There are 2 protein chains.
Amino acid sequence: MTTAQRPTLEAVARLAGVSRATVSRVVNGSTTVAEPIQEAVRRAVAELGYVPNLAARTLVTQRTDSFALVLPEAATRVFSDDQVFPGIIRGVGQELEAADKQLVLMLAGSPAGHARVERYTSGRHVDGVLFASLHGADPLPGKLARLGIPVVCSGRPLDGAEVPYVDVDHVGGVARAVRYLIDSGRRRIATMAGPQDMVAGIERLVGYRETVAAAGLPELVAYGDFTRESGTAAMRQLLAEHPGLDAVFAASDLMAHAALRALREAGRHVPDDVAVVGFDDIETAAYTEPPLTTIRQPIVELGRAMTRQLLRIAAGETVEQALLLPTELVVRDSA
Amino acid sequence: MTTAQRPTLEAVARLAGVSRATVSRVVNGSTTVAEPIQEAVRRAVAELGYVPNLAARTLVTQRTDSFALVLPEAATRVFSDDQVFPGIIRGVGQELEAADKQLVLMLAGSPAGHARVERYTSGRHVDGVLFASLHGADPLPGKLARLGIPVVCSGRPLDGAEVPYVDVDHVGGVARAVRYLIDSGRRRIATMAGPQDMVAGIERLVGYRETVAAAGLPELVAYGDFTRESGTAAMRQLLAEHPGLDAVFAASDLMAHAALRALREAGRHVPDDVAVVGFDDIETAAYTEPPLTTIRQPIVELGRAMTRQLLRIAAGETVEQALLLPTELVVRDSA
DNA sequence: TTGTACGCGTTATCAG
DNA sequence: CTGATAACGCGTACAA
């Protein structure tokens, strides 16, 4: 192994003719060092190509300057083409980069993976942890928070833990969409709900229920898991159980996309016979046949907001327990 | 800050009634420790909830047990819905998890981001670096390799550096697809090429050129950047310049998707008037109108293979300079 | 087989 | 404003 010995503080100090302590001060931007000395130190640093050893620094400062983003790999969504997780990753990455922190990505699929995440994060190998959209009532966020480790979730923790979270306004967005359908004269509005062990699935269904109930309309529900396959099945089920439906709100664009095709195969015309609204506004939504009316969620911004909250917590500030990002109805041709 | 003091080796040693060194041996799986003592140490570890301090360990072992995956954030592709980068991330994550290593994700979009990546990786804060599909001739991989830092790229480095890489067989896949078009009787086969500063863009064009040339057919080329927008523009351009074309090979499924729509708008029927073949086999490909015939690339496997190579290099082994993963033609209805 | 003692590269405290 | 010097927590020759 070509272990080209890296220069240390010591080496820089010798070259600059000062003490290690002084070099450290300059490197860390202390203002209490005379200008000419700073100059000399900086020259030495440049000449030697000195780069601080993070491990040594961490050992004494107790900070790692890195944050973990935990993704539930099991969720097929992670790598389906809805861009939810890539979007979150990007937002988190942007905000961490701005703060000069590292992003440690942990895919927690298997039980073994989950145990690994627990061991690693609770071992304080990172300064804070971001949880993206967990399934079920994962106790880990609450556990870490109780250990005093900064934690932020995307979506309200389902186990009721008092962990700060950021989420998009599912309920508000869905309510707007369903009201839009009602205002367009639709009266038999069905929904293809998402998985009920995920906040996004739960809240989008709540939004639907509240709105149709308020309008005195019937609830027509089928369940899916956000994927296209499940959307196809759910659409067929709805058609079989409620042949008279005149609109469908799908809890994800992928399910809406599948619904479009299933409706066509069933001989229904969109939007004349049946109006379809999705949720997410993935890129494909503008290219479906017909282009999909959907609810846009600010997914990159979600990642950024989570990260900002986490950084504030890590800095010792207190943050609001919940933060809700606005969603927006994007009207195209399917409704 | 709730800095619940973590137990150290020292504490475990006291509780178990042995020396620090012995505890260290047990923790690191040395076999030279008497069984009863191992037992006692393990009990103490469990009781105290001891977790090794990675920074301290890194300081002495010179290993960080973490690897960086560098993504060019600027590429709009990263967060378009083609799943290329998510797929790579997943593959890398799986393989690193199996090796009990951490994944540090670095989005290198801006020049500042690039500098940051260089500083971080050349500072040996990771045990190795994976580069995903760079634009242009980035000198960083070569530079790191020369510093003795394990590096693996996805795709042949464009600056000619002798860095090991893994890639999918672009040329072979495209050749098969184009021959398939020829065998179907198509004679005026156009291509919508990808960006020529990326290996994937270059090689896919090469595959097209070699195959049409070998068949004595004309080259009909328009350029895009893998996105749908660029696909729309390229398709219109091709139609204007070569109204007689009877087939199109698009260097990405997104461009192919856009081509489908552009062709429909131009009154051409797919596949009767014009056959369309894409590249990637994204999930959407099975849901386009008509479903897209395309070349499937094993993208998750690409991530895994890159990681395996990197781990081998980091372990001191030597690996083959290039590794090519097979691609496969998936025939649906568009050609 | 076990323990002692040193060193890894920094930051922080405290004199000067 | 600068320089010794003591931690930080661990792995590992070396000695016992």
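Going by the annotation in an unreviewed UniProt entry, the name recorded for chain A is LacI family transcriptional regulator, with Micromonospora olivasterospora given as the source organism.

*Asks:* Quick question: what am I supposed to make of the sheet that holds strand 8 (residues 247-250) of chain B here?
*Replies:* Through backbone hydrogen bonds, the strands of a sheet pair up, either in parallel or in antiparallel fashion. Residues and elements named next belong to chain B. Taken in spatial order, the 6 strands line up as 7-6-8-9-10-12 in an open sheet, and their pairing is mixed. Across the chains shown, the open sheet's two edge strands, defined by having one partner strand only, are strand 7 (220-223) and strand 12 (328-330). Within the sheet, the average angular offset between the axes of one strand and its neighbour, ignoring direction, is 20 degrees. Looking at chain direction, strand 10 (residues 293-296) and strand 12 are connected through 3 bridges and run antiparallel.

*Asks:* Please explain the sheet that holds strand 4 (residues 151-154) of chain B as it appears in this structure.
*Replies:* Sheet architecture is open: 12 strands sit in the order 11(A)-5(A)-4(A)-3(A)-1(A)-2(A)-2(B)-1(B)-3(B)-4(B)-5(B)-11(B), paired in mixed fashion. If you trace the sheet from one side to the other, it starts and ends with strand 11 (322-325) of chain A together with strand 11 (322-325) of chain B, each paired once. Pairs of neighbouring strands in the sheet enclose a mean axial angle of 20 degrees, with direction left out of account. As paired elements, strand 3 (residues 129-131) of chain A and strand 4 (residues 151-154) of chain A share 3 bridges and run parallel to each other. From the neighbouring strand, Phe131 of chain A faces strand 4 of chain A, where its bridge partner is Cys153 of chain A. Of the strands in this sheet, strand 2 (102-107) of chain A together with strand 1 (66-71), strand 2 (102-107) and strand 3 (128-132) of chain B are in contact with helix 6 (residues 111-122) of chain B, which crosses strand 2 of chain B at around 150 degrees.

*Asks:* When you look at the packing of aromatic side chains in this model, what are you seeing that I'm missing?
*Replies:* The description of an aromatic ring pair rests on the distance of the ring centres and on the angle between the ring planes. Going through the model one piece at a time under the given rule, you end up with 0 aromatic pairs over all chains. The ring of Tyr287 of chain B has Arg228 of chain A sitting right over it, with the charged end atom 4.8 Å from the ring centre.

Quick notes on the rules
- Residues numbered from 1 in each chain as written.
- Chains lettered and ligands numbered in written order.
- Predicted model: local features only at pLDDT ≥ 70, side-chain atom pairs only at ≥ 80, totals over all residues.
- Heavy atoms only, no water.
- Pairing = 2+ DSSP bridges.
- Helix = DSSP H or I, 4+ residues; strand = E, 2+ residues; numbered from the N terminus.
- Axes fitted to C-alpha atoms, helices over the stretch in contact; angles between N-to-C directions.
- Contact = heavy atoms within 4.5 Å.
- Phe/Tyr/Trp six-rings, centres within 6.5 Å; stacked < 30°, edge-to-face > 60°.
- Lys NZ or Arg CZ within 6 Å of the ring centre and 35° of its normal.

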